[in-house]
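Here is what each chain is made of, one letter per residue.
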Amino acid sequence: MDDETAEIELLEQNLNKTRQISQRMTSILTSFDNRLVKLEKSILPLYTSTQVLTRRGNNIESALQKIDDVASNQEGIAEEEALILRGPQPGQLDEYIHAVERLNASIAFGSADESQRDTARLVETGAKKLAQLFTKTVASGSSGNPPAGTDFQFSPFPRDALVTLQPLVKFLRSLPLPATHPSHPAAAAILSALKEAQRGYAEMRGNWGRKCLEVYGRRVVDRAETTDGVLSGRELGQWTSNLLDVIEEEYNLLTQLAPLSGQSHLPSTYVALLTPLTNLFNTTLSSLSTFIKRSLHKYTFHALASYSALSARQDRWDEIITRRAERKENELKEGWHALRGVCLRSFPEFLADLKLAGLGRGGEIGTGCADFTISTTQYLEKLLQVRDAVGSTLMLLGDGNWRMGDGVQAKPNQGKSSPGNERILIEHYAYDVVTTLMGSLTTLSRTQRRPAFGSVFLLNNSAYLCAKLLKPRAPVLEILSRPTQDSVNSNFRTAKAGYFDSNFSPLVQVLADDKDKSGGGGKAAAKEKFTRFFDLLEETKERHQLARVLEEDSDQREMLEDEVVRLVVPSFQRFSQKMREKEFSKNPSKYIKMTPEEVEAQIRSFY
């Protein structure tokens, strides 16, 4: 117990000591707190003053930084201004474009600040410099001498120039314009510069296309006088196709390179590009039309083939020129209508010329094929090569209206054209051509002072028509109807009968029996008949030496030869045998100068 009591007392003593220590610590802390309050009250004004100074210091630092930035920006603007004013240098296009982009991005739209207006002027200057580079590059790609070979070859836009222009055009299209950036101070000036550049592009490319095509257009006109009409028309068609190819290619290039590619600007630019090319087309077609009209009878097929060639290209012209450029003018259609009028004239004028040929030009016409016979068969053969143009034109003219002066007043066809109708009209026209030709030949043969020569003339020409028009599998048969073919055959038979009548009927008639004479009078008549027969035979021989019959047609000539022999020799043989039996003369050989075999040989020698 004592020990425990001692420990308790000891603990109480320690507790008292601890309490005393705590009281002293509390007193000390209280004193510290009072001092801190006094210190805070003393420092607060100083702290407030320090904050003001710090804020002022920060403001000063910001102002200095701003001054440094402005100075640096001014130095950058000065450098970029020098770059802009110098213009894009070789190999530095990207750097120049980036400079303009930076200046354009720094503009505060709608600001009236002087520095912003200066920057806008620099952007405007840069845009103009780039537009000038665009024009210069296009000019270099649109100059020089185009290929001048016999076949047309268009010189495309140079690849290196195209590579240069593509990034340039891409940037020019991104520049501010009034439609997209109405408040941009340089938008209006930039639009004006781009319009001028685009207008220059259209003029240069249009003139380049004309330069490439012009020499070939002149060649078409120059060659027309010495070239077959159908071929000349095809050459015009090919040249027109080349022109359309050039226009198509230029339009595709325009859509790639136009700085102003919107629909509000592109059609007008396309029209400007087309102007030199359509003017060239007008000039070429006008020259060719004037050439054709100067001698339509000679250049009929130039007109028909040209009309056909333009008809085949009308749809393509409408597609890539008229509708795409939103134009009212249609040069090809106007030229096509003018040629159609010429073609309409050609058909009645050709028939009129054929009729006029039957009047002759005075003097002997000979016995060979007439020039107009040969030219008419060639005319009919060539109609096949331009059948589409002939058919459509005759449909417009109307069935029979090509017979001027015959009192025919057929109405023009008002229905739709069809291959069947056109074929019938061509057959009708060919019939009129053939019958008019044969009528002129008949009339001309009758104007001969010596009918025998006229009959040879008509026979030779009729045989030529048969050989050329009725030859089996001849292409021209496609436009010759059955009545036309029958008319040609009938005319040949008539001409052959006329030939027999003029040249050999007198030989047969002179040997005819004279029933009113007998006895001595009959013998004298027989002697006279033989004398007359051989005189006529000699005249016929001389005539055939001058007038060759069917010289170019051996088959018909042999047939004719056999028919003449069958006509004359049997009659001579019967008559001479009969007179020998009657002993008409003591010396028959004096009057019968040839045997029937010799007469036959003589006749065959005519051919």
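What counts and how
Residues numbered from 1 in each chain as written. Predicted model: local features only at pLDDT ≥ 70, side-chain atom pairs only at ≥ 80, totals over all residues. Heavy atoms only, no water. Helix = DSSP H or I, 4+ residues; strand = E, 2+ residues; numbered from the N terminus. Rg over C-alpha atoms; globule rule 2.2 N^0.38 Å. Buried < 20%, exposed > 50% of the residue type's maximum accessible area, 1.4 Å probe, protein only. Contact = heavy atoms within 4.5 Å. Areas by Shrake-Rupley, 256 points an atom, 1.4 Å probe, with all protein chains shown as cover. Lys, Arg positive; Asp, Glu negative; His and termini not counted. Charge placed at Lys NZ, Arg CZ, Asp CG, Glu CD. Polar contact = N/O pair within 3.5 Å; in protein donor to acceptor, adjacent residues only side chain to side chain. Expected span 1.5 Å × (residues − 1). Bend = angle between axes of the 7 residues up to and from the residue. Core = buried A, V, L, I, M, F, W, Y, C linked by side-chain atoms within 4.5 Å. Salt bridge = Lys/Arg side-chain N within 4 Å of Asp/Glu carboxyl O. Phe/Tyr/Trp six-rings, centres within 6.5 Å; stacked < 30°, edge-to-face > 60°. Axes fitted to C-alpha atoms, helices over the stretch in contact; angles between N-to-C directions. Parallel < 35°, antiparallel > 145°, perpendicular 65-115°, else oblique. Left-handed = near helix turned anticlockwise from the far one by under 90°. Patch = residues over 30% accessible without salt bridge, like charges linked within 9 Å, V, L, I, M, F, W, Y side chains within 5 Å. Nonpolar A, V, L, I, M, F, W, Y, C, P; charged D, E, K, R; others polar. pLDDT = per-residue confidence, 0-100.

Draft legend 1. Summary view of the overall build of the chain. Along its length, the chain carries 19 helices and zero strands. In terms of overall dimensions, the chain is more spread out than a globule: its C-alpha atoms have a radius of gyration of 55 Å, far above the 25 Å expected for 607 residues. With respect to the three principal axes, the spread of C-alpha positions in the chain is 220 × 75 × 45 Å. Expressed as a percentage of the 607 residues in the chain, the buried residues total 43%. Within the chain, residue pairs in contact and separated by at least 24 positions form 78% of the contacts whose partners lie at least 6 positions apart. Of the roughly 33,300 Å² of accessible surface on the chain, 51% is carried by carbon and sulfur atoms. With 76 positive and 77 negative side-chain charges, the chain shows a spacing of 10 Å between the two charge centroids.

Draft legend 2. Examining the side chain of Asn104 more closely. For Asn104, the location among the structural elements is in helix H2 (residues 93-105). Overall, the relative accessible area of 18% leaves Asn104 in the buried class. Reaching out from Asn104, the side chain makes a polar contact with the side chain of His184 at a distance of 2.7 Å. Every residue in contact with Asn104, bar those within four places of it in the chain, is listed here: Val123, Pro176 and His184.

Draft legend 3. Structural context of helix H10 (residues 331-357). Over its 27 residues, H10 runs 38 Å from end to end, which matches the ideal 39 Å to within 8%, given 1.5 Å per residue. Of all the bends in H10, the greatest, near 25°, is centred on Phe347, and the proline Pro348 appears no more than four residues after it.

Draft legend 4. Local environment of the nonpolar core. Grouped together as the largest cluster of nonpolar side chains are 156 residues, with contacts concentrated most on Tyr429, Tyr499, Phe533 and Ile603. Contact partners of Tyr499, with chain neighbours within four places excluded, come to Ser455, Val456, Leu459, Phe504, His544, Val549, Leu560, Val564 and Tyr607.

Draft legend 5. Examining unusual backbone geometry more closely. Of note in this structure, Glu326 is not a glycine but carries a positive phi near 55°. As for its position among the elements, Glu326 is in the loop between helix H9 (314-323) and H10. Relative accessible area serves as the criterion here: at 60%, Glu326 is assigned to the exposed category. Phi is positive for Arg473, close to 65°, though the residue is something other than glycine. Relative to the helices and strands, Arg473 resides in the loop between helix H14 (451-469) and helix H15 (482-503). Residue classification places Arg473 among the exposed positions, given a relative accessible area of 79%.

Draft legend 6. The arrangement of the environment of Arg327 in detail. Mapped onto the elements, Arg327 comes out in the loop between H9 and H10. Placed 56 residues apart in sequence, Arg327 and Val271 show a C-alpha to C-alpha distance of 7.8 Å. For Arg327, the contacting residues outside a window of four places in its chain are Val271, Leu274, Thr278, Ile321 and Thr322. Polar side-chain contacts of Arg327 include one of 2.6 Å to the side chain of Glu331.

Draft legend 7. Highlighting the side chain of Asn461. With respect to the element layout, Asn461 can be found in helix H14. The class for Asn461 is buried, based on a relative accessible area of 0%. A distance of 2.9 Å separates a polar side-chain atom of Asn461 from the backbone nitrogen of Ala370. Sequence-distant contacts of Asn461, defined by excluding residues within four places in its chain, comprise Gly368, Cys369, Ala370, Thr373 and Leu441.

Draft legend 8. Expanded view of the pattern of salt bridges. As enumerated under the stated definition, the model contains 19 salt bridges in all. Each of the salt bridges in this network shares a partner with another, and the network as a whole consists of Glu561, Asp562, Glu600 and Arg604.

Draft legend 9. Looking closely at helix H12 (residues 387-397). All buried positions along H12 are accounted for by Ala389, Val390, Gly391, Thr393, Leu394, Met395 and Leu397. Following H12 by one or two positions, Gly398 has its phi on the positive side, about 100°.

Draft legend 10. Molecular detail of the packing of aromatic side chains. One pass over the structure, following the stated rule, counts 20 aromatic pairs. Each ring, one from Phe347 and one from Tyr429, has its centre 5.1 Å from the other, and the planes form 80°; the classification is edge-to-face. Note that Phe347 is positioned in helix H10 and Tyr429 in helix H13 (residues 419-446), a separation of 82 residues in sequence. For Phe347, a relative accessible area of 0% translates into the label buried. For Tyr429, a relative accessible area of 0% corresponds to the buried category. Ring pairs connect the aromatic residues Phe301, Phe347, Phe350, Tyr379, Trp402 and Tyr429, which therefore count as one cluster.

Draft legend 11. Main features of the packing of H14 against H15. It is the contact of H14 with H15, at a shortest axis distance of 8 Å, that shows an interaxial angle of 155°. Judged on the interaxial angle alone, H15 and H14 are roughly antiparallel. By crossing handedness, the relation of H14 to H15 is classed as left-handed. Contacts between H14 and H15 pair Pro451, Ala452, Ser455, Val456, Leu458, Leu459, Ser462, Ala463, Leu465, Cys466 and Leu469 from the former with Val488, Asn489, Asn491, Phe492, Ala495, Lys496, Gly498, Tyr499, Ser502 and Asn503 from the latter.

Draft legend 12. Looking closely at a nonpolar patch on the surface. A surface patch of nonpolar side chains, about 630 Å² in accessible area, is lined by Leu36, Leu39, Ile43, Leu44, Leu46 and Tyr47. Tracing the backbone through its elements, the reader meets Leu44 in helix H1 (residues 2-86). Among the residues examined, Leu44 registers a relative accessible area of 52% and is labelled exposed.

Draft legend 13. A negative patch on the surface, seen in detail. The grouping of Glu528, Asp535, Glu538, Glu539 and Glu542 at the surface amounts to a negative patch. On the accessibility criterion, Asp535 (37% relative accessible area) is partly exposed.

Draft legend 14. Structural context of the environment of Arg493. Note that Arg493 resides in helix H15. With 30 residues separating them in the primary sequence, Arg493 and Ala463 have C-alpha atoms 9.4 Å apart.

Draft legend 15. Structural context of the packing of helix H5 (residues 187-223) against helix H7 (residues 266-294). Put simply, H5 and H7 touch, their axes get as near as 7 Å, and they point 15° apart. Taken together, the axis directions place H5 and H7 in an arrangement best described as roughly parallel. The chirality of how H5 crosses H7 is right-handed. In this structure, H5 contributes Gln198, Tyr201, Ala202, Arg205, Gly206, Asn207, Gly209, Arg210, Leu213, Glu214, Gly217 and Val221 to the contact, and H7 contributes Thr269, Ala272, Leu273, Pro276, Leu277, Asn279, Leu280, Thr284, Ser287 and Leu288. For the contact of H5 with H7, the residue count by class is ten nonpolar, nine polar and three charged.

Draft legend 16. Representation of the confidence of the model for the chain within the structure. With 90% of its residues at a pLDDT of 70 or more, the chain has an overall mean of 85. Under a pLDDT of 50 for its full length, residues 414-418 has, in the predicted model, four contacts with residues more than four places off or in other chains.

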